[in-house]
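One-letter residues, chain by chain:
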Amino acid sequence: MDVLFNAMGQVFQPHMVLIILLGNFIGVVVGALPGITGSMAIAILLPLTFSMSAAEGLMLLLGIYPGGIFGGSIAAILLNLPGDPPAVMTTLDGYPMAQKGEAGRAIGLSTTASLIGSLFGVLCLIVIAPMLAKFALSFGPPEFFTLCVFGLSSIAAVATKDLLTGFVACCLGLLLGEVGMDPVFSVQRFTFGQVELQSGIPFGPLIIGLFGLAELFRQTLGPLEKLELRMKQIRKVFPSWEDMKKCSTVMLRGSIIGTIIGALPGAGATIAAIISYNVTAGMDKDPKRFGTGVPEGIAAPESANNASVGGALIPLLTLGIPGSTITAILIGAFMVHDIYPGPLLFVKHLDLVYVIFIGLIVASFGFALFGFLSARFGPLVLKAPPGVIIPMIAIFCLVGAYSARENVWDIGLAVFFGVAAYFMGEFGISTPPIILGYVLGPLVEENFRSSLKLSGGDPSIFVTRPISLVCLLLTVVILFYPVWRKRLSKGILSDRGAMDKL
Amino acid sequence: MNARISGRNRKFFWALLLAGILVSLPVFDECWAQKDAYPSRPITLLTGWAAGGGTSLVLSIITPLAERQLKQQIVISTKEGGSGAISLTTLKRAKPDGYTIGITTSAINVHKFLGTLDFGYEAFEPFIALNSDPGGINVKIDAPWKNLKEFIEHARKNPEKVSVAGSNPGSVTRLELHRLEQAAGVLFNVISFKGAAGPGVTSLAGGHVDAAIATPLESKALREAGKVRMLGVMSEERLPHESQIPTCKEQGFDVVMATHRVLLAPKGTPPAILKILHEAFKKAAESKEYDNFVKSQASLKMYLTAEQTKEFLAKQDVLFKEVIEKAGLKLEKGKKK
Amino acid sequence: MGKKSFLNKDFVAGILLILFSLWVIAEAQEFRAAAERFRGISPALFPTLLSLCIILLALLMIIRGLRKGYNWDFALDLRKKYFYLTLGLVVATIAYGLTMEFLGFFLVTFLYSLLFIIWMRGAPPFRAAIIAFAATGLIYLVFHKLMLVPFPRGEIFEMLGM
């Protein structure tokens, strides 16, 4: 108890709170801007923490972390351009809601869901960390494979036009994920001798091209008058009671999913958001609503991706294993001060651990503060004349595409994908399933091949291991849920199974 | 809304000119710095390894220390891709004026034999070697093999059945694995894991594989957590801060392999500048902070002058070439369009 | 349903997809050769499987397209002037990338923003210049100073001996 009060005393000093808020601010801004991610910010600012005390340094970085994950949703909602990968699912319902004139409500919902997810994740970290860490370790290649297959079954919820083109888009995305060095043998695939493609297609420029530039082309190719966005309800930033009632179970479920997936080494916020959206849409009685701008469609991914923060910290603090790329960077923040995350951390530096706990809670409210502010003021940005907004978006997209890898070549890549996505869209192939395939594809393949190597070629490994079997069953089960039933019942050829968009 | 009157046009012209000048100022001010004393403006350090990995950690410690020596900012530019391939290619093309340098791991010895790149360390001016992380073989804490000999025996009796986690072909971790195979005359069932920060060791802790190759740093946390232990470390002598781990060599297996970190400059960089850089980083490496870091990282400090570095890299070339060829990993060139 | 016609989005898309998939399969054969010395599943397997899936789906699309008849409305219309705006946007963006190293970040970003805003009549030229300047400055602060993203300084300045 003493330690707890000590920690609170440390954190609640003015300069500490300011550091946390600064981290939050940086995180939200960087998260919102396409091309730069929260993890990049953490990596850049890491050397700065060298000269601060361990607690101060960690507070700064831990302020950036959840802020960055939340921040991506702002651009996703306002511009249909995820500022960060975890916000990809938020575009599905966030942007339509904004187009209906309710951008403030959308960002407010995203903030609330992120806040709840974040707090839930931290709570799990405090209370059940060791248990969850052990569970996380039991995920090996077969389990990851089946989990990702389950993630792929989101296709039914994510395909906004019709199921057939949705499948095609997903397969295209899966193929995109294959570009680069093959994960098992390092054979170059589809790289055409370009050294820039050897590690695969970079995520930042890809998203900027597929979402940002393609959308820009759509806007400029349509009569410009259509760009006037109606602004209703600017005042209402906090979610209404109605919204909260509808979304409370969704947020809770999303938080649980997010924490668990965050804890898995190798799976992070993006996958958490995908799976949460899938489960929520899949279990809903009327899945057709998703994609039109329903609050649950925002609450599900946003609660999950922020919950993954707490989740990812679980294996980091208890075992010293990073649960995601960002936590891998955070290890450096500890090491620079001669501190090693792991069970000894709780023995040697228990005070620091509690500071982290309290700090995370403060950081959650911190970014929520900025979240509500941006809900109130963000949409105003869109009131500027379209002739100004579009160039501004364009330039930020370009700079973002460059910044991801400090490579001019990536700008060309983004343009290529933008043009390609535009034409594909004209033919009915929508973008979200492509990203789904791109994110999950490499994981599916790598884990499938590793699993078979482990079992010496025996495919029964997927059903003999309990967790793997559970994920497979979940995939099967969801096929029976309305989301699949209703779409398949109209026949695979039909495009009347389309989700009604405004 | 369009400009129409000529008065407006003139205003527009001046505004444009003024704005353009103001905007270009930051560029100008960097140009107007002293042209004589090197370094007169920030230096870019290229790295191909993402933040969070061992290389980035080394950089985050050594760079501020070197900045102090050079009295100039060093900007770390991360060009990820192809295990350093992109950053090395960029460095090769950079101007040899001392304002662009780079760091490399043993990747520089490996790429040219694998065919990913068609140049090696000779295309650069290596000016200092900084540290070295020897590989190691780890097993679960409750594994039945007490030492490396028993493990190898088991592997011999079960050819291609014992699963060992390594990275994908082309990384030093994987080559360390193959070197062990070659030195011991066994064949493992190699399971590839991608990326830094030891996902292989994590997999080992979860019991999904029988063993994992990882540097002492990568497995440190899990070793302290009591989940895994190291059977042998691939260095010449026991590590000063982890002296309880026997080396592979002393157990009868001639496996000495590490990933070393070397700083490079583009070929043609003037020797005077190379000397300045060398001195700066040398002093940085001699500082107490770096010392602490290396010890706590269970890493090995290394210091080589430019000449020694070149000799060292030549020897490494031979070593890696042999391992790669014996493992049959040598890629033919010409597969690219 | 309109009259039967080949001018159908699904039909054309299906054909293009089949051609694409065949190309992927052809490329994949190269990987198979490159990986022959390894034991395990070939890196060509997944791409080939996926391509086959796409071919199957594409066939379904073709069937659907043929059934539906004429469906060839695009938002793209070569006669509308907005088409040239978009084309210009693409060209300008590529030009931005190509000239960035030569002219330096500040010049290209400023010019790009300025010209774009003026072209789209988003603001009168003077105001456009201010907006472009502010945007460039903001990007400079956030991306360069905060995120330490190195921007090309512009070879033209070096050439001019500055």
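Basis of the calculations
- Residues numbered from 1 in each chain as written.
- Chains lettered and ligands numbered in written order.
- Predicted model: local features only at pLDDT ≥ 70, side-chain atom pairs only at ≥ 80, totals over all residues.
- Heavy atoms only, no water.
- Helix = DSSP H or I, 4+ residues; strand = E, 2+ residues; numbered from the N terminus.
- Rg over C-alpha atoms; globule rule 2.2 N^0.38 Å.
- Contact = heavy atoms within 4.5 Å.
- Areas by Shrake-Rupley, 256 points an atom, 1.4 Å probe, with all protein chains shown as cover.
- Lys, Arg positive; Asp, Glu negative; His and termini not counted.
- Charge placed at Lys NZ, Arg CZ, Asp CG, Glu CD.
- Buried < 20%, exposed > 50% of the residue type's maximum accessible area, 1.4 Å probe, protein only.
- Buried area = accessible area lost by both parts, 1.4 Å probe.
- Salt bridge = Lys/Arg side-chain N within 4 Å of Asp/Glu carboxyl O.
- Polar contact = N/O pair within 3.5 Å; in protein donor to acceptor, adjacent residues only side chain to side chain.
- Nonpolar A, V, L, I, M, F, W, Y, C, P; charged D, E, K, R; others polar.
- Pairing = 2+ DSSP bridges.
- Axes fitted to C-alpha atoms, helices over the stretch in contact; angles between N-to-C directions.
- Core = buried A, V, L, I, M, F, W, Y, C linked by side-chain atoms within 4.5 Å.
- Patch = residues over 30% accessible without salt bridge, like charges linked within 9 Å, V, L, I, M, F, W, Y side chains within 5 Å.
- Left-handed = near helix turned anticlockwise from the far one by under 90°.
- pLDDT = per-residue confidence, 0-100.
- Parallel < 35°, antiparallel > 145°, perpendicular 65-115°, else oblique.
- Expected span 1.5 Å × (residues − 1).
- Phe/Tyr/Trp six-rings, centres within 6.5 Å; stacked < 30°, edge-to-face > 60°.
- Disulfide = S-S within 2.5 Å.

Caption draft 1: A look at the overall build of chain A. Looking only at helices and strands, one finds 22 helices and 2 strands in chain A. For 502 residues, the compact-globule estimate of 2.2 N^0.38 gives 23 Å, and the C-alpha radius of gyration of chain A, at 22 Å, lies within 12% of that figure. Put simply, 79% of the contacts in chain A that link residues at least 6 apart link residues at least 24 apart. For chain A, the accessible surface area stands at approximately 15800 Å², while carbon and sulfur atoms represent 70% of it. Seen as two clouds, the 30 positive and the 29 negative side-chain charges of chain A have centres 9 Å apart.

Caption draft 2: Just the overall build of chain C, in detail. When helices and strands are counted, chain C shows 6 helices and 0 strands. Helices and strands appear in chain C in the N-to-C order α-α-α-α-α-α. Counting over 162 residues, chain C shows a buried share of 48%. For chain C, long-range pairs separated by at least 24 residues make up 66% of all intrachain contacts whose partners lie at least 6 apart in sequence. Approximately 8300 Å² of chain C is accessible, and the part contributed by carbon and sulfur atoms is 73%.

Caption draft 3: Molecular detail of the interface of chain A and chain C. In this complex, chain A contributes 67 residues to the contact, which on the side of chain C involves 68 residues. Buried surface at the junction of chain A and chain C, both sides included, amounts to about 5900 Å², of which 82% is carbon and sulfur. The interface formed by chain A and chain C contains 0 salt bridges. Taken together, chain A and chain C are joined by 0 residue pairs in polar contact (both at pLDDT 80 or more). At the level of secondary structure, the elements contributing two or more residues to the side of chain A that touches chain C comprise helix H2 (14-32), helix H3 (38-49), helix H9 (163-178), strand E2 (188-189), helix H10 (203-221), helix H17 (386-405), helix H18 (409-426) and helix H19 (432-454) of chain A. The element that contributes the greatest number of residues to the side of chain A that touches chain C is H17(A), accounting for 14 residues. Its residues assigned to classes, the side of chain A that touches chain C comprises 47 nonpolar, 9 polar and 11 charged.

Caption draft 4: View of unusual backbone geometry. Non-glycine residue Asn80(A) carries a positive phi angle of around 60 degrees. Looking at where Asn80(A) falls in the secondary structure, it is placed in the loop between helix H4 (54-79) and helix H5 (90-99). For Asn80(A), a relative accessible area of 13% gives the class buried. The backbone of Lys71(B) shows a phi angle near 55 degrees, a positive value even though the residue is not glycine. In this fold, Lys71(B) is placed in the loop between helix H2 (54-70) and strand E2 (74-78).

Caption draft 5: Broad picture of the environment of Glu153(B). Residues and elements named next belong to chain B. Tracing the sequence through the fold places Glu153 in helix H5 (residues 148-157). Glu153 sits in the partly exposed class, given a relative accessible area of 36%. Spatially, the C-alpha atoms of Glu153 and Leu204 are 20 Å apart, while their sequence positions differ by 51 residues.

Caption draft 6: Seen up close, the sheet that holds strand E9 (residues 228-233) of chain B. Residue and element names in this part refer to chain B. If you walk across this open sheet you meet the 5 strands as E7-E6-E8-E5-E9, and the pairing is mixed. Only two strands of the sheet have a single partner each, and these edge strands are strand E7 (189-192) and E9. Averaged over all adjacent pairs, the angle separating strand axes in this sheet is 30 degrees, with direction ignored. Relative to E7, strand E6 (residues 163-166) is paired through 4 bridges, and the arrangement is parallel. Across the sheet, Gly166 pairs through a bridge with Ser192, a residue of E7.

Caption draft 7: The side chain of Thr93(C), seen in detail. Its location among the elements puts Thr93(C) in helix H3 (residues 81-103). A distance of 2.6 Å separates the side chain of Thr93(C) from the backbone oxygen of Leu89(C), its partner in a polar contact. In contact with Thr93(C), not counting residues within four places along its chain, are Leu398(A), Ile411(A), Val415(A) and Tyr112(C).

Caption draft 8: Structural view of the side chain of Thr270(A). Along the polypeptide, Thr270(A) turns up in helix H12 (residues 269-283). Filtering out sequence-adjacent residues up to four positions away, Thr270(A) remains in contact with Pro85(A), Pro86(A) and Val439(A).

Caption draft 9: Here's a closer look at the nonpolar core. Of all hydrophobic cores here, the largest spans 262 residues; its most connected members are Phe281(B), Tyr290(B) and Tyr96(C). Setting aside anything within four residues of it in sequence, one finds Tyr290(B) in contact with Val58(B), Ile61(B), Ile62(B), Leu65(B), Leu130(B), Asn131(B), Ala284(B), Ala285(B) and Lys301(B).

Caption draft 10: Region of the structure containing the pattern of salt bridges. In the structure shown here, the tally under the stated rule is 16 salt bridges over all chains. Glu250(B) serves as the salt-bridge partner of Arg238(B), at 2.5 Å between the closest nitrogen and oxygen. Note that Arg238(B) is positioned in the loop between E9 and strand E10 (258-266) and Glu250(B) in the loop between E9 and E10, a separation of 12 residues in sequence. Of the residues examined, Glu250(B) reaches a relative accessible area of 45% and is grouped as partly exposed. Lys310(B) serves as the salt-bridge partner of Glu307(B), at 3.6 Å between the closest nitrogen and oxygen. With Glu307(B) and Lys310(B) both in helix H11 (residues 306-326), this residue pair falls 3 residues apart, about one helical turn. The class of Lys310(B) is partly exposed, set by a relative accessible area of 27%. Overlapping salt bridges, with partners in common, bring together Glu178(A), Arg189(A), Glu445(A) and Arg449(A) in one network.

Caption draft 11: Focus on a nonpolar patch on the surface. All names here are of chain A. Residues Leu123, Ile126, Val127, Ile361 and Phe365 make up a contiguous nonpolar surface patch of about 450 Å² in total accessible area. Breaking the nonpolar patch down by element, the ones donating at least two residues are helix H6 (103-137) and helix H16 (350-377). The greatest single-element share of the nonpolar patch, amounting to 3 residues, is contributed by H6. In this fold, Ile361 is placed in helix H16.

Caption draft 12: How the structure looks around the environment of Gln99(A). Residue placement: Gln99(A) occurs in helix H5. Distance from Gln99(A) to Leu330(A), taken between C-alpha atoms, is 38 Å for residues 231 residues apart in sequence.

Caption draft 13: Broad picture of the packing of H12(A) against helix H13 (residues 295-319) of chain A. Residues and elements named next belong to chain A. Contact geometry of H12 with H13 gives a least axis separation of 8 Å together with a crossing angle of 145 degrees. Both H12 and H13 take part in a crossing whose hand is right-handed. On H13, the residues that touch Ala269, Ala272, Ala273, Ser276, Tyr277 and Thr280 of H12 are Gly297, Ala300, Pro301, Ala304, Asn305 and Ser308. Within the contact of H12 with H13, the residues separate by chemical class into 7 nonpolar, 5 polar and no charged.

Caption draft 14: Main features of the sheet that holds strand E3 (residues 100-104) of chain B. Residue and element names in this part refer to chain B. Strand order in the open sheet formed by 6 strands is E2-E1-E3-E10-E4-E11, and the pairing between neighbours is mixed. Both edges of this open sheet fall to E2 and strand E11 (300-304), since each of them pairs with a single strand only. Each adjacent strand pair in this sheet contributes to an overall mean axis angle of 20 degrees, direction not counted. Pairing between E3 and E10: 3 bridges, direction antiparallel.

Caption draft 15: Structural view of the confidence of the model for chain C. With 78% of its residues at a pLDDT of 70 or more, chain C shows a mean pLDDT of 77. What the predictor reports for the complex is a pTM of 0.84 with an ipTM of 0.86.

Caption draft 16: Molecular detail of the packing of helix H4 (residues 105-119) of chain C against helix H5 (residues 125-146) of chain C. Residues and elements named next belong to chain C. Orientation of H4 relative to H5, taken along the N-to-C sense of each, is 140 degrees, at an axis distance of 8 Å. Taken as axis vectors, H4 and H5 run oblique relative to one another. In the packing of H4 onto H5, the handedness of the crossing is right-handed. On H5, the residues that touch Phe105, Phe106, Thr109, Phe110, Ser113, Leu114, Ile117 and Ile118 of H4 are Pro125, Ala128, Ala129, Ile131, Ala132, Phe133, Thr136, Ile139 and Tyr140.

Caption draft 17: Quick look at H18(A). When the terminal C-alpha atoms of H18(A) are compared, their 26 Å separation across 18 residues agrees well with the 26 Å that a helix rising 1.5 Å per residue should span. Of the residues trailing H18(A), Gly428(A) is marked for its positive phi of about 100 degrees.

Caption draft 18: Region of interest: the packing of aromatic side chains. Going through the model one piece at a time under the given rule, you end up with 23 aromatic pairs over all chains. Centre to centre, the rings of Phe416(A) and Phe417(A) are 5.2 Å apart; their planes meet at 70 degrees, and the pair counts as edge-to-face. Among the aromatic residues, ring-to-ring pairing joins Phe145(A), Phe448(A), Phe462(A) and Phe46(C) into one connected group.

Caption draft 19: Highlighting the confidence of the model for chain A. Taken residue by residue, chain A gives an average pLDDT of 83. The fraction at 70 or more is 91%. Counting interchain partners and residues more than four positions distant, the pLDDT-below-50 stretch residues 496-502 of chain A has 20 contacts.

Caption draft 20: Focus on the state of the cysteines. Under the criterion given, the structure shown has 0 disulfides over all chains. In this model Cys170(A) remains outside any disulfide bridge; the closest cysteine sulfur is found in Cys171(A), 6.0 Å from its own. Since its relative accessible area comes to 8%, Cys170(A) is described here as buried. In this structure Cys53(C) is a free cysteine whose sulfur lies 4.9 Å from that of Cys171(A), the closest cysteine sulfur available.

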